[in-house]
Amino acid sequence: MTFEIVFVLGLTLAALVLFALDRLRLDQIAMSVPVVLLLSGILTPAEAVSGLSSRATVTVGSMLVLGLGLRKTGLVSAIGAWARTAPLGGKYSRMFALCLICALLSPFLMTTAVVLVFLPVFVALAEQAKEPASRYLMPLSFVSILGGTVTLMGTSTNLVVHGEAMRRGFDELHMFSITPLGLICLAVGLLYLFTVGRVLLPRRIRPPDLSSKYDIRRFVTELHVPEDSPANGRSLAELKWGERYGVTVLDIERGEQEITAPHGDRHIRPGDVLYVQGAAERLLELARRQRLETPRERKEQGLDLAGGGRLVEVLVAPGSSLVSRTLRDLNFAQRYDAAVLAIQHHGVTVTERLAEVSFRVGDLLLVHGRANALGRLVEDPGFVPVGEVKTQVGSRPRAGVAAGIMVAVVLSASLGILDIMTAALTGVGLMVFTRCVRVEEIYAEVEWLVIFVLAGLIPLGVALEATGAAELLAHWVVILTAPLGEVGLIAAFYLVTVLMTAIVSNAATAVMLTPVAILAATQAGVNPYALLIAVMFGASASFVTPFGYQTNVMIYGPGGYRFSDFLKVGGLLNLVLLITASFLIPLFWPS
């Protein structure tokens, strides 16, 4: 074993550990890898930046832009709006029909886009059926993931494995090559989720209202501003009560005037009545230091109705401007005319020092503001309303154009007229020049994290192969699975991929395991495509944890799930799909 092999394997292990610890951003770790490999002399400059020009990176980026075009023209939202009111039968048949719709969309749209649109639809469906959302949202995520395995463009993982395989000369996979296996896995998953899985799904009863769910009523108090208060004549921005005391001014009552979610430039005046949210001890400290008077009585109608204000729950979506930033960084209150009262991160409610919290995809925000301000907030693609919020429906003059472009991309790639990358790039050009999507929207709303993770980790795959590390790993896998035969080798790669995906991102897993799979197949005398498909499907089979796949992260908070729920429901589904794939892959791709 050479020094280069030890170094690359050590770097790979270090990257995996950092991914699992989740202390640093995924793209930050990924982009550091080629820099280390370049400085160590293991990769040339051209190899270190090969991830930026990789077919996988370009194709995934193009598909993200195509999906954005479909969303910006309102086509996907129109499907979601139709699904809310369509006559689809009783509550169970309606849920099954909606799952089928998601499964039909996922092969041609990125899975996250499908879940973003249908999450509020499934929450509304649960409310109509008078059942908890936990009975509906896990099937939404799992079915959308399984639908993505039906075509090569369904998930970024499929495109990554396909692109990396083509770079190594394995170019026989086409748009619908994996469709037969994908449809079988989808059918198995649906059967499981509506039989055994339905029994295992948790029943998390939602509190009667949002303020009860986040336990904020006892943290909101009314404070009167006397003549001698040092706050008089100063603006909220000058006072910096959020930074100094960790509290939020929700409303100001000034005579007959009600000021909801006041801006930082709003000045305090004698006689004002402030409705302030924060921890009890912080509120007491604020009242004492600013000489504010405690109330004679609480406002009867409650916070959520004060001055025309409303409460709404929104989800931080992939690509949101809040990801890895704080409310202070974004200047949230001034930007949206609304106040964040509480945050739920992985089921844990935070009500103190909200301005200092760094957000992640899937976090839930409890927001207070007027109806028109909340309408503007949920129009931001970075936020998904979990409940019903009325917004102005704009015209969709180019929805048909966007749909036509997407159909042309799919047909040209599936008929072999163009390869997938060329078809997707052409589609992007058409989307831009027909103004289905604007260039500034691409910069602002595409999920660049995925692009940079691929750009950073594809050179690691090159290093694993160039140094012989991938060949060494493949050798040990072949030796360990030799007694189990071809089915055992396929099952081993599927299982390792599933386990790695539970710890790190699915795209990162696919990049690292693709070269190992090809070399293992060569050594074992197995059809290389069999192991490539095992990696492809295993990387998408992320059901055992809420953090291995973005759609699982997105439903975790709204569904009120616990980590054990994914182990129980998703773990058994993973086992069923492992057995299904291990025995069917050799039939479709025989040696």
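So, here's what we can say about the structure. What you are looking at is a predicted structure, and each value in this text was computed from that prediction instead of being measured. (Residues numbered from 1 in each chain as written. Predicted model: local features only at pLDDT ≥ 70, side-chain atom pairs only at ≥ 80, totals over all residues. Heavy atoms only, no water.)

Things to note about the overall build of the protein chain
For the protein chain, the count of helices and strands is 28 helices and 9 strands. For the protein chain, whose C-alpha radius of gyration is 26 Å, the value lies close to the compact-globule estimate of 25 Å for 591 residues. Counting only C-alpha atoms and orienting by the principal axes, one finds that the protein chain spans roughly 85 × 60 × 50 Å. A separation of at least 24 residues holds for 78% of the contacts in the protein chain among residues at least 6 apart in sequence. In the structure as shown, the protein chain presents an accessible area of about 23800 Å², 61% of it carried by carbon and sulfur atoms. Each charge class in the protein chain was averaged separately, 47 positive and 46 negative side chains, and the resulting centres sit 4 Å apart. (Helix = DSSP H or I, 4+ residues; strand = E, 2+ residues; numbered from the N terminus. Rg over C-alpha atoms; globule rule 2.2 N^0.38 Å. Contact = heavy atoms within 4.5 Å. Areas by Shrake-Rupley, 256 points an atom, 1.4 Å probe, with all protein chains shown as cover. Lys, Arg positive; Asp, Glu negative; His and termini not counted. Charge placed at Lys NZ, Arg CZ, Asp CG, Glu CD.)

A look at the sheet that holds strand 3 (residues 257–260)
With antiparallel pairing, the 4 strands of this open sheet are ordered in space as 1-4-2-3. The open sheet is flanked by strand 1 (220–224) and strand 3, the only strands paired with a single partner. Strand-to-strand twist in this sheet, taken as the mean axis angle between neighbours without regard to direction, amounts to 20°. Pairing of strand 2 (residues 248–254) with strand 4 (residues 273–277), which is carried by 5 bridges, proceeds in the antiparallel orientation. The partner of Asp251 across the bridge, within strand 4, is Tyr275. (Pairing = 2+ DSSP bridges. Axes fitted to C-alpha atoms, helices over the stretch in contact; angles between N-to-C directions.)

Thoughts on the environment of Val432
Checked against the element boundaries, Val432 lands in helix 20 (residues 420–433). As for Val432 and Thr151, which are separated by 281 residues in sequence, their C-alpha atoms are 25 Å apart. With near-sequence residues (within four places) excluded, Val432 lies in contact with Val437, Val439 and Ile442.

Some thoughts on the pairing of strand 3
Judged from the 4 bridges that link them, strand 2 and strand 3 form a sheet pairing that is antiparallel. In the strand pairing of strand 3, Ile252 is matched with Ile259. Between strand 2 and strand 3, which pair antiparallel one after the other, the connecting turn spans 2 residues, and Gly255 there sits at a positive phi close to 65°.

Examining the nonpolar core
In terms of nonpolar packing, the biggest core is built from 153 residues, with Phe118 and Phe122 touching the most fellow members. Sequence-distant contacts of Phe122, that is, excluding residues within four places in its chain, are made with Met95, Leu98, Cys99, Cys102, Tyr136, Leu137 and Leu140. Residues Val314, Phe332, Val367 and Leu377 belong to the second largest nonpolar core, which totals 20 residues. (Core = buried A, V, L, I, M, F, W, Y, C linked by side-chain atoms within 4.5 Å. Buried < 20%, exposed > 50% of the residue type's maximum accessible area, 1.4 Å probe, protein only.)

Concerning the state of the cysteines
Taken as a whole, this structure holds 0 disulfides when the rule is applied. Here Cys99 is not cross-linked by a disulfide; its sulfur's nearest cysteine counterpart is in Cys102, at 6.3 Å. Overall, Cys99 belongs to the buried group, its relative accessible area being 0%. (Disulfide = S-S within 2.5 Å.)

A look at a nonpolar patch on the surface
On the surface, a nonpolar cluster with roughly 430 Å² of combined accessible area is contributed by Leu13, Val17, Leu18, Leu21 and Leu24. Exposure remark for Leu18: the relative accessible area of 35% places this residue in the partly exposed category. (Patch = residues over 30% accessible without salt bridge, like charges linked within 9 Å, V, L, I, M, F, W, Y side chains within 5 Å. Salt bridge = Lys/Arg side-chain N within 4 Å of Asp/Glu carboxyl O.)

With respect to the pattern of salt bridges
In total, this model carries 16 salt bridges according to the counting rule given. Where Lys91 meets Glu131, a salt bridge forms, and the shortest distance between an N and an O atom there is 3.3 Å. A residue pair is termed long-range when its members are at least 10 positions apart, and Lys91 in helix 6 (residues 91–105) and Glu131 in the loop between helix 7 (111–128) and helix 8 (137–147) qualify at 40 residues. Note on Lys91: relative accessible area 32%, which makes it partly exposed. Each of the salt bridges in this network shares a partner with another, and the network as a whole consists of Lys72, Arg438, Glu441 and Glu445.

Looking at unusual backbone geometry
Positive phi, close to 50°, is recorded for Lys240, a residue that is not glycine. By the element assignment, Lys240 lies in the loop between helix 13 (236–239) and helix 14 (241–245). Positive phi, normally seen in glycine, also occurs at Arg435, with a value near 60°. Secondary-structure assignment places Arg435 in the loop between helix 20 and helix 21 (439–445). Assessed through its relative accessible area of 48%, Arg435 is described here as partly exposed.

Thoughts on the environment of Val121
In this structure, Val121 sits in helix 7. Note on Val121: relative accessible area 4%, which makes it buried. For the pair Val121 and Gly80, spaced 41 residues apart in sequence, the C-alpha to C-alpha distance is 6.9 Å. Non-local contacts of Val121, meaning those with residues more than four positions away in its chain, are made with Gly80, Ala83, Arg84 and Leu98.

Any link to function would need more than the numbers given here.
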